[in-house]
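Understanding the architecture of this molecule
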Amino acid sequence: MEFFLDTADVDEIREIAGWGILDGVTTNPSLIKKSGRDFKETVREIASICSGPISAEVTALDTYGMVEQGRELKAELPENVIIKIPCTPEGLTATKILTEDGIDTNVTLIFSASQALMAAKAGATYVSPFIGRIDDTGHDGMELIAEIMNTWANYNLESKVLAASIRHPTHVLQCMQLGAHTATMPAKIFRQLMKHPLTDRGLDSFMQDWAEVKKAGNA
Ligand code: G3P
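Please read these numbers as outputs of a predicted model, since none were measured by experiment.

1. Section: the site of the ligand
Lining the immediate surroundings of the ligand are Asp6, Asn28, Lys84, Phe130, Arg133, Ala164, Ser165 and Arg167. Within the side chain of Asp6, a nitrogen or oxygen atom sits 2.5 Å from an oxygen atom of the ligand. The protein chains hide 81% of the 310 Å² of surface that the ligand would expose on its own. Of the residues assigned to the shell around the ligand, the class counts are two nonpolar, two polar and four charged.

2. Remarks on the packing of helix 6 (residues 113-121) against helix 8 (residues 141-155)
Running from amino to carboxyl end, helix 6 crosses helix 8 at an angle of 40°, the nearest separation of the two axes being 9 Å. Considered as vectors, helix 6 and helix 8 are oriented oblique to each other. Here helix 6 and helix 8 pass one another in a crossing that is right-handed. When helix 6 is examined against helix 8, the residues Ala113, Ala116, Leu117 and Ala120 are found in contact with a partner set consisting of Leu144, Glu147, Ile148, Thr151 and Trp152. For the contact of helix 6 with helix 8, a count of residues per class yields seven nonpolar, one polar and one charged.

3. Side note on the sheet that holds strand 6 (residues 126-129)
On the basis of which strands lie adjacent, the closed barrel formed by eight strands has the order 1-2-3-4-5-6-7-8 and parallel pairing. Direction aside, the axes of adjacent strands within the sheet are offset by 30° on average. The sheet contact formed by strand 3 (residues 54-57) and strand 4 (residues 81-86) spans four bridges and is parallel. Looking at strand 4, one finds that Ser55 is bridged to Ile82. Helix-sheet contacts for helix 4 (residues 63-76) involve strand 3 and strand 4, and the interaxial angle to strand 4 is about 165°.

4. Digging into the pattern of salt bridges
Per the stated rule, a full pass over the model turns up 11 salt bridges. Across the pair Glu72 and Lys40 runs a salt bridge, and its minimum N-O distance is 2.8 Å. Highlighted residues: Glu72 in helix 4 and Lys40 in helix 3 (residues 39-49), separated in sequence by 32 residues. With a closest N to O distance of 3.9 Å, Lys84 and Glu57 form a salt bridge. Of this pair, Lys84 sits in strand 4 while Glu57 sits in strand 3, and the two are 27 residues apart along the sequence. Overall, the relative accessible area of 4% leaves Lys84 in the buried class. When salt bridges with common partners are traced through the structure, they connect Arg14, Arg37, Glu41 and Glu45 into a single cluster.

5. Considerations on helix 10 (residues 187-194)
Those residues of helix 10 that fall on the buried side of the exposure criterion are Ala187, Ile189 and Phe190. Down the axis of helix 10, the sector holding all buried residues measures 160°, keeping them to one side. Packing partners of the buried residues in helix 10 comprise strand 1 (2-6), helix 1 (10-17), helix 9 (169-178) and strand 8 (182-185).

6. A look at the environment of Arg44
For Arg44, the location among the structural elements is in helix 3. On the basis of relative accessible area, Arg44 is assigned to the partly exposed category, the value being 37%. Residues Arg44 and Thr105, 61 residues apart in the sequence, show an inter-C-alpha distance of 17 Å. When residues no more than four places from it in sequence are discounted, the contact partners of Arg44 are Glu76, Leu77 and Pro78.

7. Some thoughts on unusual backbone geometry
Residues other than glycine seldom take positive phi values, yet Asn156 does so here, at roughly 55°. Here Asn156 lies in the loop between helix 8 and strand 7 (160-163).

Procedures and definitions
- Residues numbered from 1 in each chain as written.
- Predicted model: local features only at pLDDT ≥ 70, side-chain atom pairs only at ≥ 80, totals over all residues.
- Heavy atoms only, no water.
- Near = heavy atom within 4 Å.
- Polar contact = N/O pair within 3.5 Å; in protein donor to acceptor, adjacent residues only side chain to side chain.
- Areas by Shrake-Rupley, 256 points an atom, 1.4 Å probe, with all protein chains shown as cover.
- Nonpolar A, V, L, I, M, F, W, Y, C, P; charged D, E, K, R; others polar.
- Axes fitted to C-alpha atoms, helices over the stretch in contact; angles between N-to-C directions.
- Helix = DSSP H or I, 4+ residues; strand = E, 2+ residues; numbered from the N terminus.
- Parallel < 35°, antiparallel > 145°, perpendicular 65-115°, else oblique.
- Left-handed = near helix turned anticlockwise from the far one by under 90°.
- Contact = heavy atoms within 4.5 Å.
- Pairing = 2+ DSSP bridges.
- Salt bridge = Lys/Arg side-chain N within 4 Å of Asp/Glu carboxyl O.
- Buried < 20%, exposed > 50% of the residue type's maximum accessible area, 1.4 Å probe, protein only.
- Arc of directions from axis to C-beta.

Now the structure itself:
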């Protein structure tokens with residue numbers, strides 16, 4: 001399973017990339033706004049820290065504008081940048097065209113299995129269902145991941161399912177059980193997934209005992 005960071009904060013990306021298990025990064029206009037930095041400069045820096053796919057989102061709403069922007073971003077930004085496109089009819093057409101150009105895409109803002117299937121049919125490299133935002137409406141976002149993974153099993157689709165809008169570690173654990181190919185999450189969730197009180201307690205105890213070994217002159 002691929003683990004992506006969902007952030008445009010380069011310090012966080014450096015921290016998690018340092019763990020050696022970061023597979024990619026997703027950004028969106030809101031995350032770029034939060035960074036307070038220039039869009040292309042930030043994506044360039046992110047792409048220099050992480051060699052996996054880095055999603056940069058188009059902001060045009062019409063097909064022509066999305067395709068133009070997608071081609072421009074691919075031409076100006078590093079090789080590992082992929083183009084994030086909203087799941088709209090215009091976005092589907094843009095995905096199809098960019099796919100035919102050989103450009104990898106991530107179709108975002110997916111809230112139903114039918115949207116995911118249509119994005120896959122358009123050739124999306126990744127399809128991104130938003131779990132947390134479905135939970136926010138009082139429904140169960142994980143049910144959508146289950147529906148999508150069942151659909152993928154029925155039709156042997158090539159697009160990777162990228163679970164997004166992840167709000168807590170349990171979302172990731174459930175995605176792992178359902179076979180989602182990728183999860184994108186904030187740095188906080190990476191830290192929570194690695195933390196276990198028994199690991200901390202066990203390490204403390206080993207270190208105390210090792211100090212005794214050294215004191216006894218046996219190390
Ligand atoms: O990459 C976009 C997605 O992960 C958004 O998450 O927390 O804003 O719903 P959130």
